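Now for the letters of each chain:
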Amino acid sequence: MIELTIYGRGGQGGVTLAKLIATAHFLRGKHGQAFGVYAAERSGAPLQAYVRIDDNEITNHNQVYEPDHVIVLDRTLINPQILTGLKPDGWIILNSPDGPDAFAEQFSGWHVATVDATTIAVSNGLGTRAVPIVNTTVLGAAARVFDMSLEDVEAALVEVKFGGPNIKSAREAYERVQVKRLKGRLAAAPSAPPKEPVAGILDDVVGAMPRIKTGSWATRQPERQTLTPPCNHGCPAGNDVRGFVEAVGEEDYDRAMTILLETSPLPGVCGRVCPAPCMEACNRRLFDEPVNVRELERYAADHGQRPDPVKPWRKERMAVVGSGPAGLSAAYHLARLGYPATMFEGSAELGGVLRTGIPTYRLPRDVLGEEISYVLQHGVDVQSGRFIDRADLLKLSHEYAAVFVGTGLQDSRNLNISGSATDLMEQGIDFLDRVRQGQVRLDGEHVIVVGGGNTAVDAARSAKRIGAGSVRIVYRRTRAEMPAIKEEVDEGLEEGVTLHELVMPLRLDRDGLGPLLTCQRMRLGEPDESGRPRPIPDTSEDAQFDLRCNRVILALGQTSNLAILPEGSEIRKDGTLLGLSGAPIFAGGDFATAEGTVTAAIGSGRSGAWHIHRTLTGEDLFPPPSEPVAEPDVITMHLFNHAPRENSVMLPAADRRHTFKEVRLGLADGPDRHPAVAEAGRCFSCGVCNDCDQCLNYCPEGIVLRDGEGYRFDYGYCKGCGICSSQCPRGVIYMSEL
Amino acid sequence: MSTVASPEELYCHNVLRPGNTNCAGCGMSIGLRWLDEALDGEKPTMVIPACCGIVTAGAFPTTAYGVPTAASTFASAAAVASGVSAVYALNGEPDVVVCWTGDGGTYDIGVATLSAAAERNDDILYICYDNEIYGNTGGQRSSATPELAVTSTTTKGKSERKKDMMAIMAGHRIPYAATLSVAHREDFLRKIRTARKTSGFRFLLTLSPCPTGWKSDPEESVDLIRHAVRSGLFPLYEIFDGIRYRLNERPDGTPVEEYVTRQRRYTKVPTDAAPLKSYIEDQWRYLDAMAKAFPMEGA
Amino acid sequence: MARAMETGNHAAGYALAVAGEANRDARGCACGAYPITPQSEIIEFLRGFDFTKGRVIPVESEHSAMAVCIGASLAGARAFTASSANGLAYMVENIFAAGFYRLPIVLIAVNRTLGPPWNIWVDQGDSLMLRDAALLQFYAESHQDLVDTILVAFRVGEDQRVLLPALVALDGFVTSHTQMVVDLPERELVDRYLPHCNIPHRLRGEHPATIGGLTWPRETEHHRVEIQEAMERVPQVLAEALDEFEHVFGRRPHGALSAEHTDDADTVLMACNTMVRTLRNVVTARRDKGERIGMINSKMFRPFPRQELLAAVSNAKRIGVLDRNHSPGSGGIFWQEVAATLQSRPDVIVQDYLVGLGGGDVTPEVIDEIIDDLNAREKAGEPVWKEVAA
């Protein structure tokens, strides 16, 4: 008589394995017996099945107490308890990815056979990693140990009507099983726990908590992770976008501001003029529309209080050249690190391109002024009207502990246009500055703006406001490729600006009727190095045409003027300058990177401040590499409801024509409406737990517990169903195999 | 310093305690937890017939139910609850008496008892967790099993449609009947609270995912029910006094295949799922007609 | 005492009602009610009774009638119901449940022949079908015995040493529908006699137990032992209940087993219910003629009063058991109990007579013939089918 005990879990097919082993022997003319222990436990609960094989009729109907061999179907059930009653020459057959030597201590002295049945079974389509069906695979392994041939195994599988993948799996297991007699003294089973006293039906103990720790049923368990939200990842200023949006959603605008001001002194500015790469990265774009982060930032800035500024406490003084976004950011962050800073600005007023290059209908002066003033309140000195040239810079590097240069883009790109009327051309950035100073009127003039960036759109819309008869933007690619903020383009079109796509100016001449711009029609070709399709001239006959105009404004972008830099110096990638004898000089913002956005300049200014701090103190404030980005596939989109994006209230287009009043009025609260909160509520909070309670609410066992500021899983009872993970909307919970 | 609470402190008074013997991913467990929550601290008396729900309790003398619980014979849940409820009423005790039953005990063997208690309008909150199968006995068909589902007694797929238990209960003109989804938490909690505030016989039907019987991934249990509701297969609605209808959520175009292809019990459903789609269509034609003819005020 | 002419059913209904009423200052009473001939008047009476704190719930089946009683009893009330024949058969599952749950529900069985084919007349095969339930069983010989025994059944079943359901049987029609003079105990006295019903394991918030979950073999065996021990305490509890009954009401109902004239009797006949009355008349007549004959009223079937039986027949040579029931393949059910009890007395002839099945009228002549047959026996034989006249 051979007796076997099979240790498995409910649903793993232990009883079927018993039947298969018995059947294999029955088909060879033996007597067999196979049965399981039926109890209350369900799928996943540890269970036992038994087999008896004999030459004669089997008359023993008791459970098996002293098996000749044992089989363990699930590696989480491998423990010394399986040695209970096992006869000394018996085999221990384990479903385990590890070979016999891994059990050298636990099962010392025993015959051990191992096979990675789970991998084999799953690779043959028998169940999933979460719920693998390993019984037929283990049969193949058992055959090697029990002196059954592969033919016996296959005959039994056919007899019990198991198909091809089972036979294939069994065969693979037969070939891959590892067998070994482990060295050492025979390990022994721990002694059985004493029996609980029997309770009577009227006893007080009736109603006590279950003694089963159902965590022992689990083959997987949930874990938590934090991923980087794509908006945070995409923010050049390094803002915790998700974090401030969450604060807005909780109507805690002060906290939203505190979060924003950690990384940027200019939330009010960015909330109005940032191109918002965060919104381009927003995973919600794949669901309906990206969260309107820009408006939320503005809302926070309009409604939140800034924390009281701290005053510098260090003695090392800093020079910051330029008061645009990079300079402001560098001065601000240096001040927050305790350094007294002096900002040098060539113009009379601070703000750089924010003041000169962005029309006030987009960025009102008081908003800019308030944010600059907050920077200054951190103990930042100003020397305005002081243009710094190369010699001055060298001097500063000997007077200050460090210098940050953020002078932006000084030179405008030109267009190679010939003709007799090129005197009517003007650079957009100069035009905007003149408009700002009230130096220009365009009564009835017809204006053509060349370019597709924000400056082009700003110039066009400004021209409209100062009386232009018509304003046309000509752009050599199509609208889809325009770098300008989409909403700005929309608003310009609403205001009457027209857009001529796929057009490149060639000549600006005069004829008897006045000036005319000869243009070339373009078409889109293969992508260039910027990733956008390359515009190439249309070769058809009527591809050239003339546009009448009084004035042409060029807005083709700007470049930095590096003439300020000392001779022999060079900007490294990180903004540091090489080859100088004085204090360290750092270059930042557009001046160093030509990124061309406010947000990038802010990030660059902060990074410059950290570089300086690290150089002076050795303290590294740069954060360690962040967690992986929460890609769209970790977001459980079907858990969200579609919700239209909340948009800013707009000044009516008719009211915009002749004024520089702010066009976009922000998210407007109504008596029953709180669009900022609604919009913040659209945030998926990708990869970051926001205490939404989904895991806690949907856990069938009730063992997700609030633990301080997060959640804890009570693994003692967790059955590993995975519902918390499937119901986590934002990829924070994942299941790990035990 | 923080001290970790013992399981007794954490869970002892839960309606459903951890350590219960339900399968991983069992929908009943979610239902029991939400029942507990929606009762807002009030502890129900449970009456549970022979079904998975009583096996849940585990072995004597321990129990996974942290509230007074009576196991009844298979067909008797509503009648036992009538007895309990009557005596509570005689003694002026406000405790809510909950029948927690499977579909076998509701649609089949217990239907006469249920009908009688409903007709008497006894003060009982009757909740059927319908997993559309005799799960406790190994997965045989019940009259709640949907068309084409494979069970151990319908190996070629069930040839009959599911019994419309809600219509039967509406025919009793009970004060409140509603369907509940374990994927629609707020709706579920609201309906339990509505039922709790209503006196007389209240019938709640929740489609209860059963990974073991449905041959589905435990982790998809909740998602399956969400798909069932969104596809229109399991409509969420309420019937007041048996004659006033309120439909809570309309199908949103989710294809029923999202539901069907995730369960191996549905291997006999044709790839276009046409029979289920026609079932959905019929069901909604009926519900829409009822809701139009007999609307609940304010619906 | 209010002496009245009543049918057995109304007398039983009255006893149940006043017993229920006696619990009005505790958790009240409840009854699941479902009609069946010849029991229906009992539940009609109860439905018409104006309880201070009680409910009679009309259900859709006997199965549910007992289920309501289980629920009510689990909630701490005094609970009772009544049925007959196929109604009892339909109720069986829940009668077993009541016993295993240790709920002292009182069940009136108006004995009727199990069908189909349909027969509404008396036969004890219905209540004796419940032989193996955890259920006390009493058989009342008269209207008065019926009323008194119902009160005793509450008191014994609800005793904390017992806590088991109790069945009180009466003959269909012969008792149930026959008008007789009976003393209906006054409510004040019943209030005195019956303590408040206390279900120690009743459902209550402060003790969240699950009644009737799963038990392993060890626990199951232990609970069966507990039931057996409770049964073994019944003789003592019953004796106390009878003493108290006598104290309160001034009369003493029959006990579990009453032996009449057995001291000197060679021949002893045993019966229950109204057959006892006929038998008593025959035995009295024969004793008047000098026969050494005695009789036993085996009122209690569960727990079976083995010791009382052994004591009663210590001098007997022959015992004849009248069984108005039949266990196919074996014989009379009372006879099986007697034969098993008397295995220590191989000297005694124990003969079974199957008589009056399906409601046949068991007349004195039939009993005389049985006695003659018994007296002529040298040894016991197979159970004898004794045909009756009508």
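Residues numbered from 1 in each chain as written. Chains lettered and ligands numbered in written order. Predicted model: local features only at pLDDT ≥ 70, side-chain atom pairs only at ≥ 80, totals over all residues.

Participant: Whenever I open this one, helix α13 (residues 364–375) of chain C confuses me. Can you help?
Facilitator: The periodicity of an α-helix, 3.6 residues per turn, causes residues three or four positions apart to be oriented the same way. Residues and elements named next belong to chain C. Relative to the 16 Å expected for 12 residues at 1.5 Å per residue, α13 spans 16 Å between its end C-alpha atoms, a close match to the ideal helical length. All buried positions along α13 are accounted for by V366, I367, I370, I371 and L374. One side of α13 holds all its buried residues, which, seen down the axis, span an arc of 140°. When the buried face of α13 is taken as reference, the exposed residues oriented beyond 90 degrees from it are E365 and D372. If you follow the buried residues of α13, they end up packed against β11 (267–271), α10 (274–288), β12 (293–297), β14 (318–323), β15 (349–355) and β16 (384–386). (Helix = DSSP H or I, 4+ residues; strand = E, 2+ residues; numbered from the N terminus. Expected span 1.5 Å × (residues − 1). Buried ≥ 20, exposed ≤ 12 C-beta atoms within 10 Å, placed from the backbone. Arc of directions from axis to C-beta. Contact = placed C-beta atoms within 7 Å.)

Participant: Mind showing me how you'd approach the sheet that holds strand β14 (residues 425–427) of chain A here?
Facilitator: Across a sheet, paired strands are connected by hydrogen bonds in the backbone, their directions being either parallel or antiparallel. All names here are of chain A. Overall, parallel pairing links the 5 strands, which are arranged β14-β22-β15-β16-β17 in an open sheet. At either margin of the open sheet sits one strand with a lone partner, and together these are β14 and β17 (498–500). Taking the axes of each pair of neighbouring strands and ignoring which way they run, one obtains an average angle of 25° across the sheet. Here strand β16 (residues 470–474) runs beside β17; their pairing, made up of 3 bridges, is parallel. When the sheet's bridge partners are listed, R472 is paired in β17 with T498. Helix α16 (residues 428–436) rests against β14, β15 (446–450) and β22 (551–554) of the sheet, and its axis sits at about 80° to β14. Sheet strands touched by helix α17 (residues 454–465): β15, β16 and β22. Its angle to β16, the strand with the most contacts, is close to 170°. (Pairing = 2+ DSSP bridges. Axes fitted to C-alpha atoms, helices over the stretch in contact; angles between N-to-C directions.)

Participant: How should the interface of chain B and chain A be read in this particular structure?
Facilitator: Many authors give the size of an interface as the accessible area that is lost as the parts come together. With 37 residues of chain B at the contact, the number on the chain A side is 38 residues. Counting only elements with at least two residues in the side of chain B that touches chain A, the list comes to α1 (7–11), α2 (27–38), α9 (211–214) and α10 (221–231) of chain B. When its residues are assigned to classes, the side of chain B that touches chain A shows 17 nonpolar, 12 polar and 8 charged. (Nonpolar A, V, L, I, M, F, W, Y, C, P; charged D, E, K, R; others polar.)

Participant: Where do I start with the interface of chain C and chain B in this structure?
Facilitator: Taken together, the contacts link 38 residues of chain C with 36 residues of chain B. Looking at the side of chain C that touches chain B, the elements that each hand over two or more residues are β2 (29–33), β3 (54–58), α3 (62–74), α4 (85–100) and β9 (210–211) of chain C. It is α3(C) that contributes the most residues to the side of chain C that touches chain B, 9 residues altogether. For the side of chain C that touches chain B, the class distribution of residues is 18 nonpolar, 13 polar and 7 charged. Sheet analysis places strand β2 (residues 69–71) of chain B next to β9(C), joined by 2 bridges and oriented parallel. Directly across from A70(B), in β9(C), lies its bridge partner I211(C).

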